[in-house]
Amino acid sequence: MMTLELVSKNKASDGWQKQYTHTSATLGGCNMRFAIYLPPQAISGTAVPVLYWLSGLTCTDENFMQKAAAFKTAAELGIAIVAPDTSPRGEGVPDDENGSYDFGLGAGFYLNATQAPWSTHYHMYDYVVDELPKLIEANFPVTNQRAIAGHSMGGHGALTIALKNTDRYSSVSAFSPICHPVDCPWGVKAFSHYLGDDRKTWEEYDASLLLAQAKQAIPMRVDQGEADQFLAEQLKPEALEAAAKKAGHDLILNRHEGYDHSYYFISSFIDEHLRFHAQFLKG
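If you're wondering where the values come from, they're calculated on a predicted model, not measured in any experiment. (Residues numbered from 1 in each chain as written. Predicted model: local features only at pLDDT ≥ 70, side-chain atom pairs only at ≥ 80, totals over all residues. Heavy atoms only, no water.)

### Observations regarding the layout of surface pockets
Then, in step 1: Estimated volume of the largest pocket: approximately 170 Å³.
Then, in step 2: Around the largest pocket, the lining is made up of 13 residues, and of these L57, H151, S152, F230 and H261 lie nearest the centre.
Then, in step 3: In terms of residue class, the lining of the largest pocket is made up of 5 nonpolar, 7 polar and 1 charged. (1 Å grid on protein atoms, 1.4 Å probe; cavity = no way out; pocket = protein on both sides within 12 Å on 5 of 7 lines; lining within 4 Å. Points joined across faces, edges and corners; volume = space filled by probe spheres on them. Nonpolar A, V, L, I, M, F, W, Y, C, P; charged D, E, K, R; others polar.)

### Section: empty space enclosed by the protein
Then, in step 1: Counted by the stated rule, this structure contains 1 cavity of 30 Å³ or more.
Then, in step 2: Within this model, the largest cavity holds a volume of roughly 30 Å³.
Then, in step 3: Looking at the largest cavity, the residues that line it are L163, L211, Q216, A217, I218, M220, H249 and D250.
Then, in step 4: Of the residues in the lining of the largest cavity, the class split is 5 nonpolar, 2 polar and 1 charged.

### Concerning the environment of I161
Then, in step 1: Following the sequence through the fold, I161 ends up in helix α5 (residues 153-164).
Then, in step 2: By relative accessible area, which is 0% here, I161 ends up buried.
Then, in step 3: Measuring from C-alpha to C-alpha, the distance between I161 and D126 comes to 9.7 Å, with 35 residues separating the pair along the chain.
Then, in step 4: Setting aside its immediate chain neighbours within four residues, I161 contacts L54, Y110, Y125, V128, V129, I148 and Y169. (Helix = DSSP H or I, 4+ residues; strand = E, 2+ residues; numbered from the N terminus. Buried < 20%, exposed > 50% of the residue type's maximum accessible area, 1.4 Å probe, protein only. Contact = heavy atoms within 4.5 Å.)

### A short note on the side chain of D228
Then, in step 1: If you trace the backbone, D228 turns up in the loop between β8 (220-225) and α9 (231-235).
Then, in step 2: Look at D228: it is buried, it has no salt bridge, and the nearest opposite charge is R255 at 10 Å.
Then, in step 3: Separated by 2.8 Å, the side chain of D228 and the backbone nitrogen of F230 make a polar contact.
Then, in step 4: Once you skip the residues sitting within four places of it in the chain, D228 turns out to touch S176, L235, Y259, D260 and H261. (Lys, Arg positive; Asp, Glu negative; His and termini not counted. Salt bridge = Lys/Arg side-chain N within 4 Å of Asp/Glu carboxyl O. Polar contact = N/O pair within 3.5 Å; in protein donor to acceptor, adjacent residues only side chain to side chain.)

### Regarding unusual backbone geometry
Then, in step 1: In this structure, P117 follows A116 across a cis peptide bond, with omega equal to 0°.
Then, in step 2: Positionally, P117 belongs in the loop between β5 (80-84) and α4 (124-139).
Then, in step 3: Even without being glycine, S176 reaches a positive phi, approximately 50°.
Then, in step 4: Relative to the helices and strands, S176 is located in the loop between β7 (172-175) and α6 (185-194).

### A closer look at the pattern of salt bridges
Then, in step 1: Enumeration according to the criterion identifies 14 salt bridges in this entry.
Then, in step 2: Among the ionic pairs, D130 bridges to R168, the shortest N-O distance being 4.0 Å. Note that D130 is positioned in helix α4 and R168 in the loop between α5 and β7, a separation of 38 residues in sequence.
Then, in step 3: Judged by relative accessible area, R168 falls into the partly exposed class, the value being 22%.
Then, in step 4: It is possible to trace a salt-bridge network through shared partners that takes in R33, D61 and E62.

Pasting the structure below:
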């Protein structure tokens, strides 16, 4: 069993928000940090389901936990929340040589890199799908019922992971996700470095392409702000909408006038997302 080291803890809505570090074999021996919110039901001994939250570019485990205001409703519904970091980190982990925010540290894109030097550490897909849930389920009072959600790059990660693992997640939701990364600057930059020049390999991590070919449906909700500065060039929700229509799968896509890409947007609708997931976790 992996050793967990407690970094911090804060009581919230009669539950506990805690940060831990552990050594990740999946990520090449990196010392990784994650946050977990345990609702009061878990504190009293009842195993609860888990919502995995994947954050966006430049974020860590702390952004959602500190800014989303999700604990009150999570406590009411009896849902634990787990927020991993957005990339491997540590001495010896390669970063973008120009120090840009959209590639390297803080920008793992929730995929398994195949190209050197990234392939040694950048396996965030395997970390989120396999290593982290095993760690959580072995050490905390949770069930193996899982939902997944995320924001921006994390929305991309949540959608692709859920679509590729419909047997592992009851539902998926996203705020302002990168819906069609093979056709946007963020995605092209990351995929060309992590996965190489063969664009066929990129399709494995594109939510719109995966959804268009999906044989099995999964409950899916996406919320998008209409004043999002990245909407047209980077996010492209219309591609996801078209893919759902092509495949005949239901997609709840809510567009919100005036909202941008920030956590002000997420905190405004996170309660609705938690209730969306609860109906499937409980069912």
